Amino acid sequence: MPQRSVLPDPFKFAAEGRSLSGAIPLADLPRLGDVLLDKSGSVQFSLVGEVGLDRKPRMRLAISGELQVRCQRCLGSMIWPLDVDALFELVRPGQPIADDELEEDEFDAIEATPDMDVTALVEDEIVLAVPIAPRHEKCEAPRPDGGAVKESPFASLEKLRKTDGAE
Ligand SMILES: [Zn+2]
């Protein structure tokens, strides 16, 4: 059972301006599973509690690391640099969120419950940050005769011949 980062009392964490940081192995973030080519690394996070000038409890979450994902154009692997910086406002479960706060783009309101799961929060933010179809800045789609995009009957034959030769 992997050890998860948990905040026993998020409101106290914010009120006292505490901070928590650590590394989370990518293997502990199952919702990223299909996106990653390599799950052997980890991401670093830091969570800092604060009270705003308006006396509202907030938390700033920063996540950094490198993810190995598949380029959707050339289908090669690429490194996606992760750089998340999110600010949350803590609300108690059931507490209504004022309309003007919903319109505020600067931060998201989250329901903070005792034993808040920081690993899940980190996972949520990474899922939001990773592009659906990552692409290298400059690369080319594989040529059709490379077999990756469109296989010609000839290419299939070529493959068969190679298989025969190997076995
Ligand atoms: Zn590419």
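As shown above, the structure is provided for reference.
The model shown is predicted, which means the values in this text are computed figures rather than measured ones.

Student: Before we move on, can you summarise the sheet that holds strand β6 (residues 108–111) with the specific residues and values?
Tutor: Strand order in the open sheet made by the five strands is β2-β3-β4-β5-β6, with mixed pairing throughout. At either end of the open sheet lies a strand with only one pairing partner, and these are β2 (19–25) and β6. Each neighbouring strand pair of the sheet contributes to a mean axis angle of 30°, computed without reference to strand direction.

Student: Which residues make up the coordination of the zinc ion, and what values do they have?
Tutor: The zinc ion binds to the protein through C71 (SG), C74 (SG), H136 (ND1) and C139 (SG); the donor distances cover 2.0 to 2.3 Å. Geometry at the zinc ion is tetrahedral, judged from its four donor atoms and the angles of 102 to 117° they form at the metal. Taken in sequence order, the residues that donate to the zinc ion follow the motif C-x2-C-x61-H-x2-C. Take C71: its relative accessible area is 0%, and that puts it in the buried class. For C74, a relative accessible area of 22% translates into the label partly exposed.

Student: Would you mind going over the pattern of salt bridges in detail, with residue names and values included?
Tutor: In this structure the tally under the stated criterion is five salt bridges. Among the ionic pairs, R58 bridges to E89, the shortest N-O distance being 3.2 Å. Of this pair, R58 sits in strand β4 (residues 57–70) while E89 sits in strand β5 (residues 77–91), and the two are 31 residues apart along the sequence. Under the relative-accessibility criterion, E89 is labelled buried at 3%. Three or more residues are tied together by salt bridges with common partners; here these are D54, R58 and E89.

Student: Requested: an account of the environment of P25, with residues and values cited.
Tutor: By the secondary structure assignment, P25 is in strand β2. The exposure class of P25 is partly exposed, given its relative accessible area of 35%. When sequence neighbours within four positions are dropped, the list of residues in contact with P25 reads G41 and S42.

Student: Please provide a residue-by-residue account of helix α3 (residues 118–129), values included.
Tutor: Note on helix geometry: an α-helix contains 3.6 residues per turn, so any two residues three or four positions apart are oriented the same way. A rise of 1.5 Å per residue sets the reference length of α3, with its twelve residues, at 16 Å; its end C-alpha atoms lie 16 Å apart and thus fit the reference within 8%. Inspection of α3 places V118, T119, L121, V122, E123, E125 and I126 among the buried residues, and these make up the whole buried set.

The rules behind these values
Residues numbered from 1 in each chain as written. Predicted model: local features only at pLDDT ≥ 70, side-chain atom pairs only at ≥ 80, totals over all residues. Heavy atoms only, no water. Pairing = 2+ DSSP bridges. Helix = DSSP H or I, 4+ residues; strand = E, 2+ residues; numbered from the N terminus. Axes fitted to C-alpha atoms, helices over the stretch in contact; angles between N-to-C directions. Donors = N, O, S within 2.8 Å, 3.2 Å for Na, K, Ca; no water. Tetrahedral: all angles 85-135°; square planar, octahedral: opposite > 155°, others 65-115°. Buried < 20%, exposed > 50% of the residue type's maximum accessible area, 1.4 Å probe, protein only. Salt bridge = Lys/Arg side-chain N within 4 Å of Asp/Glu carboxyl O. Contact = heavy atoms within 4.5 Å. Expected span 1.5 Å × (residues − 1).

Remember that the coordinates give geometry; whether it matters functionally is a separate question.
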